[in-house]
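# Descriptive analysis of the structure
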Amino acid sequence: MDFDLVIVGGGLAGAALAVALRRSRLRIAVVEASPPMQSESWDQRVYAYSPASARFLDDLGAWRHIDPTRLQPVSEMRVFGDDGGVIRFSAYESGLPELAWIGESSRVHLELWEGLKRQHNVTLFCPARPRALEIRPTGVELRVEDGRTISAQLVVGADGRDSWVRAQAAIDSHVSPYGERAVVANFACSQPHRGVAHQWFRDDGILAWLPLPGDRMSMVWSAPDEVADALMGLDEAAFVARVEKAGCGVLGTLGLLTPRAAFSLRLMRVDTVVKERVALIGDAAHAIHPLSGHGINLGFQDAKVLAEVLCGLENWQDAGELAVLRRYARARAEEPFMLQYLTHGLNRLFGARNPLAAALRNAGMNLTGRLPVLNNALIRYAVNGRF
Ligand SMILES: Cc1cc2nc3c(=O)[nH]c(=O)nc-3n(C[C@H](O)[C@H](O)[C@H](O)COP(=O)(O)OP(=O)(O)OC[C@H]3O[C@@H](n4cnc5c(N)ncnc54)[C@H](O)[C@@H]3O)c2cc1C
């Protein structure tokens, strides 16, 4: 079967890329192992979507279809150091309607997927997995496990941090495990959160409480492996009590809404995000610590930029040519790199146990909180993905 472009991985990044190409002349194949599932209960995977991501998803026609009762705007963010340092970011004081949106991964994914199913230039191969990839100077040939063969000018790896496409294309990745896992769970709270997100840099990890619609919140506790093991091993009452205490009871008493889950964390960089006939987007191109809440926001920007490059092609141009793909690579060289190092640096700074490091990081936070220029620069970064 002949296509211009085959996307392996129809997760948030891959699906967003395919939808962003809806008005292009390109014939697109999407190969995805499992479709998104609709569930009435609250999804454990809850993300902070930047306003830039919300705008992109709105342009794709997905955002406006997400049930508004499942999206929570963030009006304020309070970040606490481990020794009295505090930074406060306020949407109101920055003249913004909101700092970010908190919502379930599956809701966004489903809306993108619905768009894909209706899209005239997309053929979905799902559930399906690729078996072999041949990259030739003139095109790629992807063999699917069920025996079908897909020919295309370009293969896009949107297949997550353990990307199969990346391995087939022999693109080297550099992985540094953090020795940490993110323990996630959703809670009902006895006190209203008023749209405030909280983050604590603690001795035993980085704890984030993200507000969810109604009196609910989503917790991400990025903790050293031994602490994560202990959290996962506690019985429900002890777990809830530990989370409540770690967050200083700011939302009153908590009740567990979803089972806990734990995700191992690592930093992953690649030597290049493009090769002749191959491009990587999303977590296949970069994995980042969740403390900044920017992983999928980076993935959406990858999808947006790659779609812009491909939509700008003349009819006679080949989508898989390296000269074309380099435009995408150049445009995406800076942002993921900067965010990876910023979050890695913060993680290391707050992981250091000596008293001098503790004094420095907390003094730095207080200074940042008092300097409007720095504070505004950080907000601009959080909101727009650039300073
Ligand atoms: C605890 C935690 C909290 C996070 N919080 C945030 C947040 O607040 N904000 C934020 O922006 N990011 C956050 N992230 C990051 C976010 O989860 C990832 O950046 C995002 O899921 C990456 O999307 P993706 O589409 O690139 O990859 P994935 O979500 O990994 O999707 C890859 C897709 O490819 C498919 N696939 C994989 N291999 C194959 C194959 N061989 N054949 C066919 N299909 C395949 C999979 O089924 C999947 O659908 C968080 C991450 C963690 C762990």
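A brief report on the enclosed structure follows. Within any chain, residue numbers begin from 1 and follow the written order of that chain's sequence. Only residues with pLDDT of at least 70 get local features here, since the model is predicted, and only at 80 or more are side-chain atom pairs given and counted; chain-wide, interface and lining totals rely on the full set of residues. Heavy atoms from the whole structure form the basis of all side-chain values; hydrogens and water molecules are not counted.

### As for the site of the ligand
Here is the rule we go by: Throughout, near means a residue has at least one heavy atom within 4 Å of the molecule or strand. Residues adjacent in sequence count toward polar contacts only when both atoms are side-chain atoms; beyond that, a polar contact is any pair of N or O atoms within 3.5 Å, and within protein one must be able to donate a hydrogen and the other to accept it. In this description, accessible areas are obtained by the Shrake-Rupley approach with a 1.4 Å probe, and a residue is regarded as covered only by the protein chains that are shown. Numbering of helices and strands runs from the N terminus; a helix is a DSSP stretch of H or I covering at least four residues, while a strand is a stretch of E covering at least two. Each residue receives one of three labels: charged for Asp, Glu, Lys and Arg, nonpolar for Ala, Val, Leu, Ile, Met, Phe, Trp, Tyr, Cys and Pro, and polar for the others, Gly being one of them.
Surrounding the ligand, one finds 27 residues, the nearest of these being Glu32, Tyr47, Ala48, Asp283 and Ile296. Between the ligand and the protein, one listed contact pairs a nitrogen atom with a backbone N or O atom of Ala33 at 3.1 Å. Note that an oxygen atom of the ligand is positioned 3.2 Å from one of the backbone N or O atoms of Gly295. Contact with the protein chains hides 83% of the accessible area of the ligand, taken as 990 Å² for the molecule alone. Going through the elements one at a time, helix 1 (12-20), strand 3 (46-49), strand 13 (173-189) and helix 7 (295-311) are the ones with two or more residues in the shell around the ligand. Considering each element in turn, the shell around the ligand owes the most residues, three residues, to helix 7. In terms of residue class, the shell around the ligand is made up of 14 nonpolar, eight polar and five charged.

### Concerning the pattern of salt bridges
Our working definition: Salt bridge, as applied in this entry: a Lys or Arg side-chain nitrogen positioned within 4 Å of an Asp or Glu carboxyl oxygen. Burial status follows relative accessibility: with a 1.4 Å probe on protein chains alone, a residue under 20% of its type maximum counts as buried, one over 50% as exposed, and anything between as partly exposed.
Overall, the coordinates contain 19 salt bridges when judged by the stated rule. The residue Lys117 makes a salt bridge to Glu114 at a minimum N-O spacing of 3.0 Å. Remark: Glu114 and Lys117 occur in helix 3 (residues 105-118); sequence separation between them is three residues, near one turn of the helix. The exposure class assigned to Glu114 is partly exposed, which follows from its relative accessible area of 28%. Note that Asp302 and Arg332 form a salt bridge whose closest N and O atoms lie 2.7 Å from each other. Taken together, the residues Asp302 in helix 7 and Arg332 in the loop between helix 8 (322-331) and helix 9 (335-351) connect sequence positions 30 residues apart. Take Asp302 and Arg332: they sit in the same class, and that class is buried. When salt bridges that share partners are traced, they join Glu76, Arg78, Arg88 and Glu93 into one network.

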